[in-house]
Amino acid sequence: MPQRFLPVLAFLLLLGACKKSAAPVNPGGPDSTGTPPLNNTSTPTTSSKKGADFSTNMTYGTWNGDVVNLKTLWYYTWGTPQPSPSPQNCEFVSMFWGQSNVTDANIAAVQQLKAQGQVKYVLGFNEPDQSGQSNMTVSQALALWPKLESIGLPLGSPATSWPTLQWFTDFMDSVAAEHLRVDFICVHMYVGTDDVSFVQTLQQVYNQYHLPIWITEFATADWNASSPSANMYNAGEALGFMQRLLPKLDSLSYVQRYSWFSGDPTSAALWPSALIGTGGQLTTMGSWYAGYQPNTAIKE
């Protein structure tokens, strides 16, 4: 997805919380960062894995209001610093989108957020395999990686546009060879409506690396659609895919977090996946995602 910038927002007082009842998910226990396991033994009122991702310059609704309305436990904005005003009681996850974000000032800022208990995880580069995204070679990513490690938080891998691409394989092979650290795998998967193949791909990634997985972008998409009406999928089919898939993701212990990508409701390719409508309201899919609980999910 295009790079997200962080403009100055008008002050917005956000009352309430995303969700208070579930503890954050720990991606694998103690490691070289010294980060202890997080307690997640309480019974959540919503999926403890469910997140949100919104650009702070979104067109429909307000990014922070939408995070609250979707009742998620965590969120990110493709940005490094914590944006303001930020939803309360909903965990922000910092991302180093690309080379330009890896500055001494940003490293220090995230370390300060860590010390304040505001940030517990860091996400790596956004689709470095894509020229329209962070557009980095494996060598460039590896050269910057120790700076991200120095923050001392559990660190997610770069997320390529598909998790089995050669770019990602080369990066992870080099991480092992150079004794660098990746604590969990970040995955982007834009597909049709085949939940079975989706899970099979996740299993393939887990079998290869044996690391926890965060699905930081996923949705139903038709990249060949020339207009919304030409999209081979509709909103009902995308919702059915979500309803079948989320319970499976919650049942997989190695999938530790996921965040549906809310398509622009006017996008030719992604409109069926929109969580927010043109008026800023939750779509039917958005309402279902907001209310989703594993124990009340629609069964096949």
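**Concerning the overall build of the protein chain**
Reasoning step 1: For the protein chain, the helix and strand inventory stands at seven helices and eight strands.
Reasoning step 2: Within the span of the protein chain, comprising 300 residues, buried residues form 57% of the whole.
Reasoning step 3: Relative to all contacts within the protein chain whose residues are 6 or more apart in sequence, the contacts with residues 24 or more apart total 70%.

**Re the pairing of strand β7 (residues 213–220)**
Reasoning step 1: Counting buried residues in β7 gives eight out of eight residues, a clear majority hidden from the surface.
Reasoning step 2: For strand β6 (residues 185–191) and β7, the ladder comprises seven bridges, and the chain directions are parallel. Across the sheet, the residue bridging to Val 191 is Thr 220, located in β7.
Reasoning step 3: As for the winding sense of the linkage, the β-α-β connection from β6 through helix α5 (residues 195–209) to β7 is right-handed.
Reasoning step 4: When β7 meets strand β8 (residues 255–260), the two strands line up parallel, connected through four bridges. Bridge pairing in β8 links Ile 215 to Tyr 258.
Reasoning step 5: In this view, the connection linking β7 to its parallel neighbour β8 by way of helix α6 (residues 235–251) has right-handed handedness.

**Things to note about unusual backbone geometry**
Reasoning step 1: Look at the link from Ser 84 to Pro 85: it is a cis peptide, with omega at 0 degrees.
Reasoning step 2: Considering the arrangement of structural elements, one finds Pro 85 in the loop between β2 (74–76) and β3 (91–92).
Reasoning step 3: A positive phi angle, close to 55 degrees, is found at Lys 71, a residue other than glycine.
Reasoning step 4: Following the sequence through the fold, Lys 71 ends up in the loop between α1 (63–69) and β2.
Reasoning step 5: Its relative accessible area of 37% is what places Lys 71 among the partly exposed residues.
Reasoning step 6: The backbone phi angle of Asn 89 is positive, close to 55 degrees, even though this residue is not glycine.
Reasoning step 7: Mapped onto the elements, Asn 89 comes out in the loop between β2 and β3.

**As for the side chain of Arg 257**
Reasoning step 1: Tracing the chain through its elements places Arg 257 in strand β8.
Reasoning step 2: At 2.9 Å, the side chain of Arg 257 and the side chain of Glu 91 are in polar contact.

**Focus: the sheet that holds β3**
Reasoning step 1: Strand order in the open sheet formed by six strands is β3-β2-β1-β8-β7-β6, and the pairing between neighbours is parallel. The outermost strands of the open sheet, each flanked by one partner alone, are β3 and β6.
Reasoning step 2: In this structure, β2 lies alongside β3, joined through two bridges in parallel fashion. Residue Trp 74 lies in a different strand from β3, and its bridge partner there is Glu 91.
Reasoning step 3: Most of the contacts of α6 go to β8, to which it runs at about 160 degrees, and overall it touches β6, β7 and β8.

**Some details on the confidence of the model for the protein chain**
Reasoning step 1: The share of residues in the protein chain with pLDDT of 70 or more is 83%, and the mean pLDDT across the chain is 87.
Reasoning step 2: Ignoring residues within four places in sequence, the model shows residues 2–17, a span with pLDDT below 50, making 36 contacts including any to other chains.
Reasoning step 3: Low pLDDT (under 50) marks residues 20–45, which in the prediction has 56 contacts with non-local residues, meaning those over four places away or in another chain.

**Notes on the pairing of strand β1 (residues 50–53)**
Reasoning step 1: Both faces of β1 are covered, namely the face carrying Lys 50 and Ala 52 and the face carrying Gly 51 and Asp 53.
Reasoning step 2: Note: β1 against β8, two bridges, orientation parallel. Bridged to Lys 50 within β8 is Tyr 258.
Reasoning step 3: Bridging between β1 and β2 involves three bridges; their strand directions are parallel. Bridge pairing links Asp 53 to Tyr 76 in β2.
Reasoning step 4: In this view, the connection linking β1 to its parallel neighbour β2 by way of α1 has right-handed handedness.

Conventions we followed
- Throughout, a residue's number is its position along its own chain's written sequence, starting from 1.
- It should be noted that, the model being predicted, local features are given only for residues of pLDDT at least 70 and side-chain atom pairs only at 80 or more, the latter also being counted only at that level, while totals for whole chains, interfaces and linings use all residues.
- Calculated side-chain values reflect all of the structure's heavy atoms, with hydrogen atoms and water omitted.
- Put simply, DSSP H or I for four residues or longer makes a helix, DSSP E for two residues or longer makes a strand, and each gets a number counted from the N terminus.
- Exposure classes here rest on a 1.4 Å probe applied to the protein chains alone. A residue is buried below 20% of its type maximum, exposed above 50%, and partly exposed in between.
- Whether two residues touch is decided by their heavy atoms; if any such pair falls within 4.5 Å, the residues are in contact.
- Note on pairing: two strands pair once DSSP finds at least 2 bridges between them.
- When the strands point away from the viewer, a crossover counts as right-handed if the path from the first strand over the helix to the second runs clockwise.
- We call two N or O atoms a polar contact when they sit within 3.5 Å, provided that within protein one can donate a hydrogen and the other can accept it, with sequence-adjacent residues counted only if both atoms are side-chain atoms.
- Helix axes use the C-alpha atoms of the stretch in contact, all axes being lines fitted to C-alpha atoms, and the angles between their N-to-C directions lie in the range 0 to 180 degrees.
- Each residue carries a pLDDT value, the predictor's own confidence for that position, ranging from 0 to 100.

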